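# Analysis of the macromolecular model
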Amino acid sequence: MSQLAQPTFNDLETIFKSFLEMGRRSLGLVNGAYSTAFDEEDLAQNEWDLGLIEQAEQMEVSAISIPLEGALERQIVAIDTSSVVIAVGRGGIILGVRGSIAIRSALGLEIQCIGPFITYLTPENISSILGSILGDPPPLDLSNYQLDGHIQKILASLLEKRLQEHVVKRFRDSIILLDGSLSAGPQDNPIWLVSRILEEAGPRGNDILAFSKTSILQFWGSIFTEDRLDVKPPYIIDMTWLIKKLELSVRVLGRTFLARLSSGLNIYRVDAATCRRVEEVFGSLLKSDPLIYGYPELLILAHDYCTFTKSDVIAMQAMLRRLGAELFREGSIRDMLFNPIDRR
Amino acid sequence: MKILSKSGDTIELLASPDEEPLIRGDYILITDGGKSLLAQVIDAEYADVPGILEDVLRELASEQLSMRNFDPYGVGSILLDVKDSRRIIAKLRGVIVDGMLRNDVIWLPSRFSSRIERASPELISELMRTCGRRRIIIGECMSGVVSVSAEDLDGRLTIITGKKETGKSYLTKILITSLAEYGATVVVFDINGEYLGLSETINGAASRIADKHIILSPGENFRVSVEDAGLKTMTDILQHIFATPATTIREFIRIWSLVEKNEGEITLRGLISAVGRMPMHESVREALMSRLLSLSETGFFDDENPTEIKEILNSGRGGVIVIDLSRSIHQTKKIIVEYMLSKLSSLLREGAIEPLFLVAEEAHLYLRETYWDDLVTRMRHIGIFPIFVTNQPDSIPETVYRQADNIFLFNFTNESDLNYISKASRIDSETVRRIARMLPPRHCLIIGRIVNDLPVVVRVKEVELKTMGETRLLFGSRRA
């Protein structure tokens, strides 16, 4: 395993300088917001068309076995981000976003927590805030971003992309694990930014694997069974041609696989952008990082350390109050409507 | 701090870890408008913060990892405060309305706008003050001096209890020397010789009660005549201490009458002589003779030069009269106590002496069972005011705790001891359990009339008197 340069926090301060300045300035605008109850449902996502399964059943596919013998141990780096609504005001919402980078190397395991960043998004400042994440000046026109239900996800996703860019530049010869896909096109995954991440990764010897836990592709695991494919885990199934055919609104950069890396029913969509043979990269991943239900442990750790807990939300609300923001407690609509029957 | 909840007489407060630390027994004042709620802190626990399990698990897992944090807003430090926030458990002691502490007022302060602060020692001192004028300074509480009134020990039943080496004797010495200074007479049954040095200070100088400190050593300067003891005391000694059968007691009473009639006075020698020559069943003679010879061997009975206990008690200046039981064998201790209680009772009934305080340390070792109820009821009414000192709380009958007017409670960790003490009727059991378990040495929880039923935790002041009765050590000083 190569000895690799570790990113410093000075880099992060430089990268997020503009975002921090904009965020701090925006918090000065908070006046009379309702603090929100912590609700993990906010983080759920599912944007896939269920009708795709029927088409997939007609496809011809074959599996690629992952060779473990001779696989090299490599440095693994996993990135994840999380966001939470801290309060909702008359003119906008206060969001918290946090990222984490988990690194497993010959030196051991290191977790870097980045954030939380706190920002008050209003229709007036949304483009400048989002732009400040991407750089100063922002590299594209952000005027079409709206303060709608997707903004929380967009903010987290943009931060994640910036962290991914930071990691692929700073690390070498590593397997970079991302949460989600390499689909580009929607507002939270600008094509130019995803392309830039992949372009920066290759020359530095970094291989990118993006694991998606919630993709509709996972259901195809029950169609492309081990018996049908005559293969035993660990194996991957190349689904790139299918994805390119089916996904009309987004562009997938890299190749898309279904990966069953351990015995059991767990199968994941994995988008790969590698400078080595993909089965070789998967082999190194299996050699270097334990799997939990067929999913890399390092990605779970990255997820765990960026996820907001209820105490995090309380602490951020307390910080806002210290900054002079006036927050009110809002009753839960769910409680008002359904208690005492529904005590979820 | 903010009010979290109230249930029954328990109030829970939420406090930040940065706040001034509270000590068990501290009083807090929750003020809202013109009224204040007085509550006593009995414990502190971690607050049940939402999601704390996830947070702690994350921290636990992080111990094996190298962690780096880029926290531009410093949320981490606030988060630590949130995670470490405390739940203060306090007991309501009343509502202060117009400066008066009242228990009958139902009132709750606002959870959000009330002001919560530590009560001042002056306020607590004022609220616990009774109407007595003779103050006894016993230590400090919440950085203020605590004094109690000697009048609140007068006519009362007092218990001083706690495990070994927690400071019971220190406090007892403070109380009895102060009582003596105010002119009271205190009789001490001293089984460990702890009260023999009261006339000297630790520097070797004469103490303030040096001229009021009398040590009575049985068999030496404390001997009594059989006649002075009287027939009842002697039959009680034979019955309860020597387990003499009833028929033999009857024979003893007959002999006593005959000796009194024939010789005009009762002496132990006269009784022994009479038992030897008068006709009676040989087994009775043998039983009586062996017991009377045992009494004679104690050296406590001297019919020629008896100590005049009445004169000692009637010196008129009060004082601490220590009956040194430390060198007497078990049976002799019981004989002496039997005599003393009987004698004191009769003198008080006759009005020959003034009421007095009786300090009985580890009384279960020498006090027969029938005397407990006697002490807390009949004897108290004639003017013997007991102060029981013990490190074995269950050695004192439960009924005594229920009737106790004042309890000075030092540390106990044993659950069964705490259960036993918590039966005291003047305080809730939760306060006893939570506070007594954690009391440091020389700290005690005072309960009862003496503190106007406002329990206070007091750090007992240093005693300047010469310490006696300390454990002799094989390896020298414990600190060495």
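All values reported here derive from a predicted model rather than from experimental measurement. (Residues numbered from 1 in each chain as written. Chains lettered and ligands numbered in written order. Predicted model: local features only at pLDDT ≥ 70, side-chain atom pairs only at ≥ 80, totals over all residues. Heavy atoms only, no water.)

## Some details on the overall build of chain B
Scanning chain B from N- to C-terminus turns up 15 helices and 19 strands. Projected onto the principal axes, the alpha-carbon positions of chain B cover approximately 105 × 55 × 45 Å. Residue burial in chain B is summarised as follows: out of 480 residues, 53% are buried. Within chain B, counting contacts between residues at least 6 apart in sequence, those at least 24 apart form 72% of the total. Accessible surface, chain B as shown: approximately 22200 Å² in total, 49% of it carbon and sulfur. Distance between charge centres in chain B, computed from 59 positive and 68 negative side chains, equals 1 Å. (Helix = DSSP H or I, 4+ residues; strand = E, 2+ residues; numbered from the N terminus. Buried < 20%, exposed > 50% of the residue type's maximum accessible area, 1.4 Å probe, protein only. Contact = heavy atoms within 4.5 Å. Areas by Shrake-Rupley, 256 points an atom, 1.4 Å probe, with all protein chains shown as cover. Lys, Arg positive; Asp, Glu negative; His and termini not counted. Charge placed at Lys NZ, Arg CZ, Asp CG, Glu CD.)

## Focus on the domain arrangement of chain B
Residues and elements named next belong to chain B. Each assigned domain of chain B is listed here: domain 1 (2–128), domain 2 (135–222 + 307–479) and domain 3 (226–297). Between domain 1 and domain 2, the C-alpha centre-to-centre distance is 37 Å. With 23 residues of domain 1 at the interface, the matching set in domain 2 holds 20 residues. For the pairing of domain 1 and domain 2, the buried interface totals around 1700 Å² over both sides, and the portion due to carbon and sulfur atoms is 62%. On the domain 1 side of the contact with domain 2, Arg-24, Ile-42 and Met-128 bury the most area, a combined 38% of that side's loss. (Domains from an automatic or database assignment. Buried area = accessible area lost by both parts, 1.4 Å probe.)

## Overview of helix H3 (residues 121–128) of chain B
Along an α-helix, residues three or four positions apart point the same way, because every turn accommodates 3.6 residues. Residue and element names in this part refer to chain B. Burial in H3 covers these residues: Ile-124, Leu-127 and Met-128. Down the axis, H3 shows its buried residues gathered within 90° of arc, on one side only. Turned more than 90 degrees away from the buried face of H3, the exposed residues are Glu-122 and Glu-126. Among the structural elements, strand S3 (27–32), strand S4 (35–46), strand S6 (86–97), strand S7 (100–102), strand S10 (144–149) and strand S19 (456–460) are those in contact with the buried residues of H3. (Arc of directions from axis to C-beta.)

## Describing a nonpolar patch on the surface
Together, Leu-53, Leu-57 and Leu-60 of chain B give the surface a local cluster of nonpolar side chains, amounting to about 320 Å² of exposed area. Its place among the elements puts Leu-53 of chain B in helix H1 (residues 52–62). (Patch = residues over 30% accessible without salt bridge, like charges linked within 9 Å, V, L, I, M, F, W, Y side chains within 5 Å. Salt bridge = Lys/Arg side-chain N within 4 Å of Asp/Glu carboxyl O.)

## Examining the interface of chain B and chain A
If you look at the interface, chain B gives 22 residues, while chain A gives 33 residues. Here chain B and chain A share an interface that buries about 2500 Å² over both sides, 62% of which is from carbon and sulfur atoms. Three residues, Arg-68, Phe-70 and Tyr-73 of chain B, lead the burial of chain B against chain A; their summed loss comes to 36% of the area buried on that side. For the pair chain B and chain A, the number of links is 1 salt bridge. The residue Glu-110 of chain A makes a salt bridge to Arg-68 of chain B at a minimum N-O spacing of 3.3 Å. For the side of chain B that touches chain A, the elements supplying multiple residues, two or more each, are H1, strand S5 (66–70) and helix H2 (75–83) of chain B. Residue composition of the side of chain B that touches chain A, grouped by class: 12 nonpolar, 4 polar and 6 charged. One ladder, built from 5 bridges, connects strand S5 (residues 108–121) of chain A with S5 of chain B; its direction is parallel. Directly across from Gln-112 of chain A, in S5 of chain B, lies its bridge partner Arg-68 of chain B. (Nonpolar A, V, L, I, M, F, W, Y, C, P; charged D, E, K, R; others polar. Pairing = 2+ DSSP bridges.)

## With respect to unusual backbone geometry
Cis geometry is found at the peptide bond from Gly-115 of chain A to Pro-116 of chain A, where omega equals 10°. Within the secondary structure, Pro-116 of chain A is located in strand S5. Following Pro-233 of chain A, the chain continues to Pro-234 of chain A via a peptide bond in cis, the omega torsion being 0°. Checked against the element boundaries, Pro-234 of chain A lands in the loop between helix H7 (226–229) and strand S9 (235–238). In this model, Met-142 of chain B sits at a positive phi of 50°, which is unusual for a non-glycine residue. By secondary structure assignment, the location of Met-142 of chain B is in the loop between strand S9 (135–141) and S10.

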